[in-house]
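Now for the letters of each chain:
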Amino acid sequence: MWFAIIGTDVPDSLEGRKGARPAHLARLQKLQDEGRMLLAGPFPAIEAEDPGPAGFTGSLIVAEFPTQADAEAWAQADPYVAAGVYASVAIQPFRKVLP
């Protein structure tokens, strides 16, 4: 089943994101390589493709996992969690309808 993983950043998370980003992206690439990734990306803090020093407010990942417990375990092992980038992580089942 698909699950939406929504990470909400702590204030001033940009430096933590930069440090943990390579490891975070490597985990996402593994999901992509396994055909389990629907989409992933950050929420810019301002209306801009590159928000610069304004940074980001969180991230959205929609990926396939056997169970919600598996999605939760995967999310808790994310480098952004370990680096203190995320203040919280919410996980919800997701049903893709379109396209």
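On a predicted model such as this, the values are computed, not experimentally measured, just so you know.

## Side note on the sheet that holds strand E3 (residues 56–64)
Then step 1. Overall, antiparallel pairing links the four strands, which are arranged E2-E3-E1-E4 in an open sheet. Of all the strands in the sheet, the pair left with one neighbour each is strand E2 (37–44) and strand E4 (86–94). Neighbour-to-neighbour, the strand axes of this sheet turn through a mean angle of 10°, independent of strand direction.
Then step 2. Each of strand E1 (2–9), E2, E3 and E4 touches helix H1 (residues 14–33); the most contacted strand, E3, lies at about 10° to it.
Then step 3. Sitting on the sheet, helix H2 (residues 68–76) is in contact with E1, E3 and E4, with an inclination near 155° to E4.

## Regarding the side chain of Arg27
Then step 1. Position of Arg27 among the secondary structure elements: in helix H1.
Then step 2. Ignoring sequence-local partners within four residues, the contact set of Arg27 consists of Trp74, Ala77, Asp78 and Pro79.

## Some details on the pairing of E3
Then step 1. The pairing of E1 with E3 spans seven bridges and is classified as antiparallel. Across the sheet, the residue bridging to Ala4 is Val62, located in E3.

## Notes on the pattern of salt bridges
Then step 1. Inspection of every chain in the model, using the stated rule, returns five salt bridges.
Then step 2. We note a salt bridge from Lys30 to Glu34, for which the minimum N-O separation is 2.5 Å.

## A look at the environment of Lys96
Then step 1. Within the secondary structure layout, Lys96 lies in the segment after E4.
Then step 2. Overall, Lys96 belongs to the partly exposed group, its relative accessible area being 36%.
Then step 3. It is 9.8 Å that separates the C-alpha atoms of Lys96 and Phe3, two residues lying 93 residues apart in sequence.

## Comments concerning unusual backbone geometry
Then step 1. Cis geometry is found at the peptide bond from Leu98 to Pro99, where omega equals -15°.
Then step 2. Mapped onto the elements, Pro99 comes out in the segment after E4.
Then step 3. In the Ramachandran plot, Asp12 falls in the positive-phi region, its phi being about 55° despite a non-glycine side chain.
Then step 4. Examined against the element boundaries, Asp12 turns out to sit in the loop between E1 and H1.
Then step 5. Look at Asp12 and you get exposed, because its relative accessible area is 81%.

Cut-offs used in this document
- Here the residue numbering is sequential within each chain, running from 1 through the sequence in written order.
- Local features are withheld for residues below a pLDDT of 70 in this predicted model, meaning they are given only at 70 or higher, and side-chain atom pairs are given and counted only at 80 or more; totals for whole chains, interfaces and linings count all residues.
- Heavy atoms throughout the structure, all of them, feed into the side-chain values; hydrogens and water do not.
- If DSSP finds at least two bridges between two strands, the strands pair.
- Secondary structure elements follow DSSP: runs of H or I of four or more residues count as helices, runs of E of two or more count as strands, with numbering from the N terminus.
- Axes, fitted as lines to C-alpha atoms, cover a helix only where it is in contact. Angles between the N-to-C directions of the axes lie from 0 to 180 degrees.
- When checking whether two residues touch, look at their non-hydrogen atoms; a contact exists if any pair is within 4.5 Å.
- Salt bridges are counted wherever a side-chain nitrogen of Lys or Arg sits within 4 Å of a carboxyl oxygen of Asp or Glu.
- Accessibility here uses a 1.4 Å probe with only protein chains present; expressed as a share of the type maximum, an area under 20% marks a residue as buried, one over 50% as exposed, and anything in between as partly exposed.

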